[in-house]
Amino acid sequence: MNAGFEQALRIDAGHPALPGHFPGAPLVPGVVLLEQVALALRAWRGQRLGRVLEAKFAAPLLPEETATLRLTAADGARARFEIRRDGILLARGLVEGTT
């Protein structure tokens, strides 16, 4: 199994979750970021997201901004994630995959 996985992340301004997440000044909701973690986990390990064991959202991601999503192996089916934009930590946490 690979030790890590990395991909670019960019949420389109037309995403349906944005209008309700601060109308007029949208931010990408945490749940949308976690959805991207789930998609990356599937691409990396072929696993579904089973549980979010911890998640911390440290700074906002705006629509159309590009960030980097990185997954690294933890113990068992667990993986750590980090989302960064220009070196700034936006979110981090620990998830558990399932088959």
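Residues numbered from 1 in each chain as written. Predicted model: local features only at pLDDT ≥ 70, side-chain atom pairs only at ≥ 80, totals over all residues. Heavy atoms only, no water.

### As for the pattern of salt bridges
On inspection of all chains with the given rule, the structure shows 7 salt bridges. The partner of E54 in a salt bridge is R92, with the nearest N and O atoms 3.8 Å apart. Within this pair, whereas E54 is found in strand 2 (residues 48-57), its partner R92 is found in strand 5 (residues 88-98), the two being separated by 38 residues in sequence. Using a relative accessible area of 36% as the deciding quantity, one classes E54 as partly exposed. Residue R92 is classed as partly exposed on the basis of its relative accessible area, which comes to 35%. A network of salt bridges, in which partner residues are shared, links R51, R78 and E96. (Salt bridge = Lys/Arg side-chain N within 4 Å of Asp/Glu carboxyl O. Helix = DSSP H or I, 4+ residues; strand = E, 2+ residues; numbered from the N terminus. Buried < 20%, exposed > 50% of the residue type's maximum accessible area, 1.4 Å probe, protein only.)

### Some details on the environment of L69
With respect to the helices and strands, L69 occurs in strand 3 (residues 66-73). Measuring from C-alpha to C-alpha, the distance between L69 and L9 comes to 6.3 Å, with 60 residues separating the pair along the chain.

### Concerning the sheet that holds strand 1 (residues 4-10)
Here we have 5 strands laid out as an open sheet, ordered 1-3-4-5-2, and antiparallel in their pairing. Of all the strands in the sheet, the pair left with one neighbour each is strand 1 and strand 2. Direction aside, the axes of adjacent strands within the sheet are offset by 25 degrees on average. With 8 bridges joining them, strand 2 and strand 5 adopt antiparallel strand pairing. Looking across to strand 5, one finds that A55 is bridged to G93. On top of the sheet, helix 1 (residues 30-45) reaches strand 1, strand 2, strand 3, strand 4 (78-85) and strand 5; it is set at about 50 degrees to strand 3, its chief contact. (Pairing = 2+ DSSP bridges. Axes fitted to C-alpha atoms, helices over the stretch in contact; angles between N-to-C directions. Contact = heavy atoms within 4.5 Å.)

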